[in-house]
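Inside the fold
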Amino acid sequence: MPYVIFGNITDKMNAFTYLFIAALACSTLVQLWLANRHRTHVRSHRERVPDAFAERIPLDDHHKAADYTVTRTRLGMLELVYGSLLLLAWTLGGGLEWLDQAWRGPGFAPLYTGTGIMLSAMIIMALLDLPFSLYYTFVIEERFGFNRTTAGTFISDLIKQALLALIIGAPMIMLALWIMESSGGLWWLYVWLAWMSFSLIMFWAYPAIIAPLFNKFSPLENDTLKTRIQALLDKCGFRSKGIFVMDGSKRSGHGNAYFTGFGRNKRIVFFDTLIESLEPGEVEAVLAHELGHFKLKHIQKRLLTTAAMSLAGLALLGWLAAQDWFYNGLGISQASPWMALLLFSMVAPAFTFFLHPLFARLSRKHEFEADAYAVSQSDGNDLIRALVKMYKENASSLTPDPLYSAFHDSHPPAPVRIAHISGNI
């Protein structure tokens with residue numbers, strides 16, 4: 001008998017139910033409070049460009065960045081409340097229980113039942129999130145002049161993502177469920193090994209196989225810039241599969257740069273929008289920053305951190321999966337490997353939100369280090385000019401609320417970052 005949001009739900013609660021509700025309420029309220037602080041702070045600084053940017057960014061652009069930030073934050077608050085209510089509906093409201101019973105009805109083998117349930121849940125969740133994605137892309141991004149995604153491209157991306165989830169996700173789900181059923185008490189360790197192996201394979205394969213399904217990657221054609229970049233790569237001892245320009249303008253006016261892959265399959269990628277807006281020295285400085293992440297082994301450190309966190313999480317799940325109160329407290333009447341995975345992945349964010357500042361601080365530390373490396377290998381003033389252009393063209397807020405930023409921002413606030421670079425020149 002599926003649970004209902006209202007009615008006899010209180011008869012089925014246990015101590016873990018109350019702990020989950022408290023964690024979800026606390027994390028949601030704190031996030032709403034932080035977001036409201038952020039909106040208020042950005043609005044209060046809307047009429048004055050920070051001194052460090054006063055000569056570089058016009059007031060009209062500062063207004064645009066403030067309005068864009070406030071609008072996105074407001075949508076994020078709505079999405080947060082919506083997501084929290086959906087989580088309650090999935091768990092205590094009986095959504096997962098109904099889905100579980102529906103798939104158990106035909107009597108398929110457990111492996112196929114579990115895979116079907118997990119894929120169904122993922123598809124339904126994606127469909128429920130679709131209105132926010134549509135509104136963000138075709139209303140907010142359109143309003144502020146960033147959207148270049150057509151309806152056809154949007155639909156094509158959804159189809160490709162769904163097919164990838166089926167082709168890649170289904171086998172991984174089946175493998176994880178098979179390991180959980182057949183490997184005894186240490187199943188969590190074997191699932192972790194399988195997951196990390198899969199992650200490394202995908203990290204290696206993404207540049208050459210997955211990314212080209214969504215974007216076109218063309219070799220950099222500017223010979224002068226290419227020569228300059230190659231000299232920097234040689235100086236830094238970096239070998240890659242090439243320097244590519246991605247057609248980011250196909251979907252958005254935002255610009256960025258990154259390198260991806262590892263081993264011999266590393267690629268350096270610039271958005272075409274970024275290449276068009278930066279001078280050669282500025283492109284070199286941005287690349288030097290990205291190379292800093294490579295030389296200082298930030299990617300490896302992040303992979304190790306992710307591996308450690310996922311191992312700890314799976315070890316915890318290995319214990320929780322054997323506890324009936326874990327399932328019953330979240331609205332599930334029958335324990336199963338697939339429900340253990342689904343429940344844990346859905347409710348864990350409510351308990352881990354307060355770890356965000358720790359990981360954000362680590363990420364910002366890496367950004368400072370990469371900036372310092374870029375200054376040592378290129379012109380620091382070029383890096384400042386490039387970042388200012390990126391802040392301007394991406395309508396990034398120059399005045400985020402410090403506490404909100406500490407929880408959410410992987411990069412240092414613009415004034416802090418520019419001051420740090422200036423101190424290293």
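From a predicted model like this one, the values you see are computed outputs, not experimental measurements.

Time to look at a nonpolar patch on the surface. Taken together, the side chains of Ile155, Ile159, Leu163, Leu166 and Ile167 define a hydrophobic patch exposed on the protein surface, amounting to about 490 Å² of accessible area. Tracing the sequence through the fold places isoleucine 155 in helix H5 (residues 151-182). On the basis of relative accessibility, which here comes to 48%, the residue isoleucine 155 falls in the partly exposed class.

Here lysine 297 lies in the loop between helix H9 (280-295) and helix H10 (298-320). A residue is classified by how much of its surface remains accessible, and lysine 297, at 48% relative accessible area, is partly exposed. Between the alpha carbons of lysine 297 and asparagine 215 there is a distance of 27 Å; along the sequence they are 82 residues apart.

Bringing the sheet that holds strand S3 (residues 257-260) into the picture now. Spatially, S1-S2-S4-S3 is the arrangement adopted by the four strands of the open sheet, whose pairing is mixed. Each having just a single partner strand, strand S1 (217-219) and S3 make up the two edges of the open sheet. In this sheet, adjacent strand axes meet at a mean angle of 35° when their direction is disregarded. The sheet contact formed by strand S2 (residues 243-246) and strand S4 (residues 267-271) spans four bridges and is parallel. Each residue of the ladder has a partner; that of phenylalanine 244, found in S4, is valine 269. Contacts from H9 reach S3 and S4 within the one sheet, and its direction differs from that of S3 by about 35°.

What follows deals with the pattern of salt bridges. As enumerated under the stated definition, the model contains 15 salt bridges in all. Ionic pairing is found between arginine 302 and glutamate 367, a salt bridge with its closest N-O pair at 3.8 Å. Remark: glutamate 367 occurs in helix H13 (residues 356-377) and arginine 302 occurs in helix H10; sequence separation between them is 65 residues. Using a relative accessible area of 29% as the deciding quantity, one classes arginine 302 as partly exposed. A relative accessible area of 4% places glutamate 367 in the buried class. Among the ionic contacts, a cluster of salt bridges with common partners joins Glu282, Asp382, Arg385 and Lys389.

What follows is about the packing of helix H7 (residues 223-236) against H9. The relative placement of two packed helices comes down to the angle between their axes together with the axis-to-axis distance. Across the interface, H7 lies against H9 with an axial gap of 10 Å and an inter-helix angle of 25°. Regarding the angle of H7 to H9, the classification is roughly parallel. The handedness of the crossing between H7 and H9 comes out as right-handed. The segment H7 lies against H9, with Leu225, Arg228, Ile229, Leu232, Leu233 and Cys236 engaging Pro280, Gly281, Val283, Glu284, Leu287, Ala288, Leu291 and Lys295. Here the residues of the contact of H7 with H9 are counted per class, giving 10 nonpolar, one polar and three charged.

Let us look at the pairing of S4. Counted residue by residue, S4 has five buried out of five residues, so it is predominantly covered. Residues Arg267, Val269 and Phe271 point to one face of S4 and Ile268 and Phe270 to the other, with burial holding for every one of them. Bridge count for S3 against S4 is four bridges, and the pairing is antiparallel. The residue of S4 that forms the bridge with tyrosine 258 is valine 269.

Rules and cut-offs
- Residues numbered from 1 in each chain as written.
- Predicted model: local features only at pLDDT ≥ 70, side-chain atom pairs only at ≥ 80, totals over all residues.
- Heavy atoms only, no water.
- Patch = residues over 30% accessible without salt bridge, like charges linked within 9 Å, V, L, I, M, F, W, Y side chains within 5 Å.
- Areas by Shrake-Rupley, 256 points an atom, 1.4 Å probe, with all protein chains shown as cover.
- Salt bridge = Lys/Arg side-chain N within 4 Å of Asp/Glu carboxyl O.
- Helix = DSSP H or I, 4+ residues; strand = E, 2+ residues; numbered from the N terminus.
- Buried < 20%, exposed > 50% of the residue type's maximum accessible area, 1.4 Å probe, protein only.
- Pairing = 2+ DSSP bridges.
- Axes fitted to C-alpha atoms, helices over the stretch in contact; angles between N-to-C directions.
- Contact = heavy atoms within 4.5 Å.
- Parallel < 35°, antiparallel > 145°, perpendicular 65-115°, else oblique.
- Left-handed = near helix turned anticlockwise from the far one by under 90°.
- Nonpolar A, V, L, I, M, F, W, Y, C, P; charged D, E, K, R; others polar.

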